[in-house]
Amino acid sequence: MAQNHPVCALDPKHVQRLLLLSQEAKKSAYCPYSHFPVGAALLTRDGKIFSGCNVENAAYPLGICAERTAIQKAISEGYKDFRAIAIASDLQDDFISPCGACRQVMREFGTNWAVYMTKPDGTYVVMTVQELLPASFGPEDLQKTQ
Ligand code: THU
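Throughout what follows, the structure given in this document is the object of discussion. (Residues numbered from 1 in each chain as written. Predicted model: local features only at pLDDT ≥ 70, side-chain atom pairs only at ≥ 80, totals over all residues. Heavy atoms only, no water.)

**Details of helix α1 (residues 12-26)**
Right, so step 1: Here α1 is 15 residues long and its end C-alpha atoms lie 21 Å apart, about the 21 Å a rise of 1.5 Å per residue gives.
Right, so step 2: Along α1, the residues that are buried comprise Val15, Leu18, Leu19, Ser22, Ala25 and Lys26. Buried residues of α1, seen end-on, are gathered within an arc of 125° and therefore sit on one face of the element. In α1, those exposed residues whose orientation departs by more than 90 degrees from the buried face are Lys13 and Leu20.
Right, so step 3: On its buried side, α1 packs onto β1 (38-44), β2 (49-53), β3 (82-89), β4 (114-118) and β5 (124-128). (Helix = DSSP H or I, 4+ residues; strand = E, 2+ residues; numbered from the N terminus. Expected span 1.5 Å × (residues − 1). Buried < 20%, exposed > 50% of the residue type's maximum accessible area, 1.4 Å probe, protein only. Arc of directions from axis to C-beta. Contact = heavy atoms within 4.5 Å.)

Here's what the structure looks like:
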């Protein structure tokens, strides 16, 4: 995995802060149905961080993941150039991995940024959006028809 990937070469201090903020965001998770709290922290190119948690709903399909909450917060505040996102869950033995819908939403804002998939002990694997969603469909494709 891309620990040394140039795209993923974030300052270790930045990584630690992002991981910590994703764990902090997890505490706000609203997940009475799944009991599976998730937190995310999204770093913009100009150094701003937006956090997010999963927000479920009694009408189950309306629930939204932590990653998309963070992305939608950022977009709605005028930020759409992203450098990295960290994701935290309570899974002890697995690195939390973003669902397909979140990968597609990440991809909308570029393929060349980093996704830190963490465990509660602070260990992580990092991959680019491109690596997580290869051969993707994106906004550029809509320009390719005559
Ligand atoms: N979930 C996330 O928020 N992010 C992920 O990466 C995986 C899954 C949420 C969705 C749902 O609220 C709960 O976790 C169980 O799937």
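**Remarks on the packing of helix α2 (residues 66-76) against helix α3 (residues 100-108)**
Right, so step 1: In the contact formed by α2 and α3, the axes pass within 9 Å of each other and the chain directions differ by 25°. With respect to α3, the axis of α2 lies roughly parallel. Relative to α3, α2 is oriented so that their crossing is left-handed. In this structure, α2 uses Glu67, Arg68 and Ile71 to contact α3, whose residues at the interface are Ala101, Cys102, Val105 and Met106.
Right, so step 2: Grouping the amino acids of the contact of α2 with α3 by side-chain chemistry returns 5 nonpolar, no polar and 2 charged. (Axes fitted to C-alpha atoms, helices over the stretch in contact; angles between N-to-C directions. Parallel < 35°, antiparallel > 145°, perpendicular 65-115°, else oblique. Left-handed = near helix turned anticlockwise from the far one by under 90°. Nonpolar A, V, L, I, M, F, W, Y, C, P; charged D, E, K, R; others polar.)

**A look at α2**
Right, so step 1: Taken together, the buried positions of α2 are occupied by Ala66, Glu67, Arg68, Thr69, Ala70, Ile71 and Ala74.
Right, so step 2: Tucked into the core, α2 has its buried residues touching β1, β2, β3 and α3.
Right, so step 3: Glycine 78 sits one or two positions beyond α2 and adopts a positive phi of about 95°.

**What about the site of the ligand?**
Right, so step 1: Residues in close proximity to the ligand include Ser34, Phe36, Val38, Asn54, Glu56, Cys65, Ala66, Glu67, Ser97 and Pro98, which together make up its full environment.
Right, so step 2: For the ligand, an oxygen atom lies 2.5 Å from a polar atom in the side chain of glutamate 56.
Right, so step 3: One nitrogen or oxygen atom from the side chain of glutamate 67 is found 2.5 Å from an oxygen atom belonging to the ligand.
Right, so step 4: Burial of the ligand by the protein amounts to 77% of the accessible area it has alone, namely 370 Å².
Right, so step 5: Looking at the shell around the ligand, its residues break down into 5 nonpolar, 3 polar and 2 charged. (Near = heavy atom within 4 Å. Polar contact = N/O pair within 3.5 Å; in protein donor to acceptor, adjacent residues only side chain to side chain. Areas by Shrake-Rupley, 256 points an atom, 1.4 Å probe, with all protein chains shown as cover.)

**Observations regarding the sheet that holds β1**
Right, so step 1: With mixed pairing, the 5 strands of this open sheet are ordered in space as β2-β1-β3-β4-β5. Each edge of the open sheet carries a strand with a single partner, namely β2 and β5. The average angle at which neighbouring strand axes cross in this sheet is 15°, direction not considered.
Right, so step 2: The pairing of β1 with β2 spans 5 bridges and is antiparallel. Looking at β2, one finds that leucine 43 is bridged to isoleucine 49.
Right, so step 3: Here α1 sits on the sheet in contact with β1, β2, β3, β4 and β5, set at roughly 140° to β1. (Pairing = 2+ DSSP bridges.)

**Describing the pattern of salt bridges**
Two side chains with opposite charge may pair up if their charged atoms get near one another.
Right, so step 1: One pass over the full model with this rule turns up 4 salt bridges.
Right, so step 2: Notably, a salt bridge pairs glutamate 140 with arginine 107, separated by 3.0 Å at the nearest N-O pair. Here glutamate 140, found in the segment after α4 (129-132), pairs with arginine 107, found in helix α3; they are 33 residues apart in sequence, far enough to count as distant.
Right, so step 3: The class for arginine 107 is buried, based on a relative accessible area of 7%.
Right, so step 4: With a shortest N-O distance of 2.8 Å, aspartate 141 and lysine 144 are connected by a salt bridge. (Salt bridge = Lys/Arg side-chain N within 4 Å of Asp/Glu carboxyl O.)

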